[in-house]
Amino acid sequence: MIAFITGATAGYGYATAEKFLREGWSVVAAGRRIERIDPLRKEYGEAVLPLKLDVTQRQEVLSAVENLPAAFKTVDVLVNNAGGAHGLGPAQTANLDDWDTMIDINIRGLMYCTRAVLPGMVERQRGHVINIGSVAGEFPYPGGNAYGGVKAFTHQFSLNLRADLLGTNVRVTCVEPGLSGGTEFSEVRFKGDKTKAAAVYAGTEPMTADDIAETVYWVATRPARVNVNTISMMATCQAFSPFAIHRTAK
Ligand code: NDP
Ligand code: 8X3
């Protein structure tokens, strides 16, 4: 069995690659900082194919999938994990480059990888696309603006794929996590500011990358007759707030 995992160089993606490898799968581990895959290559040898890939580059994605070596070509599971948030400022002052970047990685990258891998899956009448969304795609919060938007896209794109793929045996799932520590998510969001990133998790017990990897693996290994559409998961220490109401002073 072959899994193609984007954003396998850090966080959820790395943990997911490791989980599938541990379970005996072959894994295409894609990302830009490809040297990060070296430890997996050392441990699992030929079972892992490190693939230098920027998912925002349409042609690069299409030709990478087209030119996969024979041992990795018949992808059984695509995990569209590459993504993240850039910035947490309010919409009225947000940096448009950050919004473009989020759209490029979380939307365009997701679409390019999916479109590249799907024809083979449909032809084989077998396959599973697992997209990593976020609770941010369902629940709004201040500063979530475009990030929430791109993850809402991930959710709806996943459901719409199911509609198109009816009758092909190809499954689609959107896994939508909340607060998770031990990844580079907040460091990326705060542009390398480790203090701000650490403050997000202070005094919490967030989910771990391994928790998400276990979930992705569980979803991928349900019987072929079962399609898990969506999984929303949060750290136990995270929940919902009342609606915010702005009150003027009397
Ligand atoms: P990390 O920042 O730890 O990892 C992000 C991964 O995405 C890296 O491997 C990075 O690889 C890859 N990536 C980023 N840009 C590109 C690109 N242009 N081309 C290819 N790969 C790229 O984040 P997480 O592991 O925390 O997040 C993984 C996914 O989970 C994201 O989609 C994120 O939005 C989502 N998520 C995260 C949550 C969290 O709290 N951590 C909660 C809910 C969802 P490289 O830079 O080497 O290319
Ligand atoms: C990451 C979770 O709550 O920081 O998608 O948006 S959150």
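Data block above holds the structure.
Residues numbered from 1 in each chain as written. Chains lettered and ligands numbered in written order. Predicted model: local features only at pLDDT ≥ 70, side-chain atom pairs only at ≥ 80, totals over all residues. Heavy atoms only, no water.

A. Expanded view of the overall build of the protein. Helices and strands together make up the secondary structure of the protein, namely nine helices and seven strands. For 250 residues, the compact-globule estimate of 2.2 N^0.38 gives 18 Å, and the C-alpha radius of gyration of the protein, at 18 Å, lies within 12% of that figure. Its C-alpha atoms give the protein principal-axis dimensions of about 70 × 40 × 35 Å. When each of the 250 residues of the protein is scored for burial, the buried share is 48%. Considering only intrachain contacts with a sequence separation of at least 6, the fraction spanning at least 24 residues in the protein is 68%. As displayed, the protein offers around 12,900 Å² of accessible surface, 54% of which is attributable to carbon and sulfur atoms. The protein carries 25 positive and 25 negative side-chain charges, and their two centres are separated by 4 Å. (Helix = DSSP H or I, 4+ residues; strand = E, 2+ residues; numbered from the N terminus. Rg over C-alpha atoms; globule rule 2.2 N^0.38 Å. Buried < 20%, exposed > 50% of the residue type's maximum accessible area, 1.4 Å probe, protein only. Contact = heavy atoms within 4.5 Å. Areas by Shrake-Rupley, 256 points an atom, 1.4 Å probe, with all protein chains shown as cover. Lys, Arg positive; Asp, Glu negative; His and termini not counted. Charge placed at Lys NZ, Arg CZ, Asp CG, Glu CD.)

B. Summary view of the site of ligand 2. Surveying the vicinity of ligand 2 reveals the residues Ser134, Ala136, Tyr141, Tyr147, Phe185 and Arg189. Ser134 is positioned with one of its side-chain polar atoms (N or O) 2.5 Å from an oxygen atom of ligand 2. The separation between an oxygen atom of ligand 2 and a polar side-chain atom of Tyr141 is 2.5 Å. Burial of ligand 2 by the protein chains amounts to 82% of its free accessible area of 240 Å². By residue class, the composition of the shell around ligand 2 is four nonpolar, one polar and one charged. (Near = heavy atom within 4 Å. Polar contact = N/O pair within 3.5 Å; in protein donor to acceptor, adjacent residues only side chain to side chain. Nonpolar A, V, L, I, M, F, W, Y, C, P; charged D, E, K, R; others polar.)

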